[in-house]
Each structure stands twice: as C-alpha cells, then as structure tokens.
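Fold and contact review
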Amino acid sequence: MPSVTRATPHGRSNRREAMERRLLEAVEALLGAGVSFTELSVERLASTAGISRSTFYVHFQDKGQLVLRLVRTVLAELSEVSSRWWSVSDRAVRSDLLEALTAIVSGYRRHAAIFTAAVETATYDTEVADELRTQMQTVADATRSAIERGQAAGVMRAVDPAVTAAVLTGMVERAGYQLVRGSDPAGDHAIVLVLTDIIWTTLYGAEPTV
C-alpha cells in the first residue's frame, strides 16, 4: 500500500509562523508605502504576502484578528529585550538599561507599521483596544516587579513601584510610537539617551552622565 504522509503539528506550526511572517512583512511594506490599514483590502494584503484570500480566512476572521496576532508577536519581542534590564534590575549598571532601551527603540523602529495598524484599528475594534491595554499592563507589571526587586536589594529609591512602572511604561511607549515612528533614524540614539537618563535617575537616583 502507498504510504500516506500526514502533516505533523510541528509542520503545521512552522507553516503558520512562516505565513504570519509574510503577512507581517506585507503589512509593514504596504503601510510604509503610505497605504492606510483601514482602507487596505484583505485581497491586496494576501496577494502581497503571497497567499490566497481563502488561506487568510482559514487563519483569521478579519484584519482585526490579524492585528491581534501581530501585536502579540511584536510586543513579545519587546518584552524579551526589556528583560535584559528586568532580569538584573537589582544589580544593574547603567549600560544594562541603555542596552535594553536601545533594543526597544529599535523594535519600535522596525515595527512602526504594526503599531500604526494597531492604534488605527483600536479606534473601532474593542478587542484590539483591550489587547493593547492588556499587553501594556503586562509590561508595566513586569517593570513594577523589577522595581520591587531593586528596592528590596537597596539599590533603588523609595518610589511607588506601581505608579512609577505605569508612568515609565507609558513614557517609553509614547516615545516609541510618537517620536520614533516616521522620524529620522539618526535621532534614535538621542531618544535612547534621554530615556536612559530619566529612568536611571528616577529609579537609582544617580546623576546622568554623558
């Protein structure tokens, strides 16, 4: 009898991840060319990604569902690089924070189109709006925990961990979305230095250094 080859769960997962990467690249390319995400058709998006319209709908109910997936992917990436400081907050040196913020700003730069699509979609899609809030709260909670560890180790100032984490998270998010998106990449390092000075001084109390 001829053998029957079945797709394994691992194989299906790899194909889905590859498709999502193509869709992410398609969104970034089209929005980077000036196309509004609201006006972007599924047909054009799928065509640019090299998949069929029917394949898109096998995996996503609509463009809002795609945005949810892409937002989770991008913010997971930002959380991973943020952990370069979170994980050593109780013994960090200034360069640890600088390295993490450099990677965060770089992430906002690379994925500016995704954040644009998410913010645009959140104005009319409550699920996307809720997801953005949830993801940012997750980042704030991780930052709060990092502050609490630093305070327990006696290396951070006696700031309110929850409030300070919320403010600092919001500041970095606004800087990434408002200042980095659509600006000259040459200015990214200056943004990173300012963010580093503010956060380091707020938490550790040291005077900023050049």
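Structure: above.
Read on for a plain summary of the structure. (Residues numbered from 1 in each chain as written. Predicted model: local features only at pLDDT ≥ 70, side-chain atom pairs only at ≥ 80, totals over all residues. Heavy atoms only, no water.)

1. Structural notes on the overall build of the protein
Helix and strand content of the protein: 9 helices and 0 strands. When the helices and strands of the protein are listed from N to C terminus, the series reads α-α-α-α-α-α-α-α-α. Each principal axis of the C-alpha atoms in the protein carries an extent, and together these give about 70 × 45 × 30 Å. Taken over 210 residues, the protein has a buried fraction of 43%. (Helix = DSSP H or I, 4+ residues; strand = E, 2+ residues; numbered from the N terminus. Buried < 20%, exposed > 50% of the residue type's maximum accessible area, 1.4 Å probe, protein only.)

2. With respect to helix α6 (residues 112-122)
With 8 of 11 residues buried, α6 is to be regarded as a mostly interior element. The complete set of buried residues in α6 reads A112, A113, I114, F115, T116, A117, A118 and T121.

3. Side note on the nonpolar core
Looking at soluble globular proteins, one finds that nonpolar side chains tend to be buried together. In this structure, L23, L45, W85 and L203 are the most contacted members of the largest nonpolar core, which totals 62 residues. Of all the elements, helix α4 (residues 63-86) adds the most residues to this core, at 11 residues. (Core = buried A, V, L, I, M, F, W, Y, C linked by side-chain atoms within 4.5 Å.)

4. As for the packing of helix α8 (residues 161-180) against helix α9 (residues 188-204)
Orientation of α8 relative to α9, taken along the N-to-C sense of each, is 175°, at an axis distance of 11 Å. Judged by the inter-axis angle, α8 sits roughly antiparallel to α9. Facing α8, whose interface residues are T164, L168, M171, V172, A175, L179 and V180, α9 presents D188, I191, L195, I198, I199, T202 and L203. When grouped by side-chain class, the residues that make up the contact of α8 with α9 number 11 nonpolar, 2 polar and 1 charged. (Axes fitted to C-alpha atoms, helices over the stretch in contact; angles between N-to-C directions. Parallel < 35°, antiparallel > 145°, perpendicular 65-115°, else oblique. Contact = heavy atoms within 4.5 Å. Nonpolar A, V, L, I, M, F, W, Y, C, P; charged D, E, K, R; others polar.)

5. Digging into the packing of aromatic side chains
A full pass over the atoms with the stated rule returns 4 aromatic pairs. When the ring of F56 is compared with that of Y57, the centres are 5.4 Å apart and the planes differ by 85°; the resulting orientation is edge-to-face. Note on F56: relative accessible area 0%, which makes it buried. Residue class for Y57 comes out partly exposed when judged on its relative accessible area of 35%. Residues F56 and F60 carry aromatic rings whose centres are separated by 5.4 Å and whose planes lie at 40° to one another, so their mutual orientation is tilted. Both residues of the pair, F56 and F60, belong to the buried class. Chaining the aromatic ring pairs together yields one cluster made of F56, Y57 and F60. Here K63 stacks its cationic end above the ring of F37, 4.7 Å away from the centre of that ring. (Phe/Tyr/Trp six-rings, centres within 6.5 Å; stacked < 30°, edge-to-face > 60°. Lys NZ or Arg CZ within 6 Å of the ring centre and 35° of its normal.)

6. A word on α4
Given a rise of 1.5 Å per residue, 24 residues ought to cover 34 Å, and the 33 Å separating the end C-alpha atoms of α4 matches this to within 8%. Among the residues of α4, the N-terminal cap falls to D62, whose side-chain oxygen and the backbone nitrogen of G64 are separated by 3.0 Å. (Expected span 1.5 Å × (residues − 1). Polar contact = N/O pair within 3.5 Å; in protein donor to acceptor, adjacent residues only side chain to side chain.)

In short, the description is geometric, and any link to function would need to be established separately.
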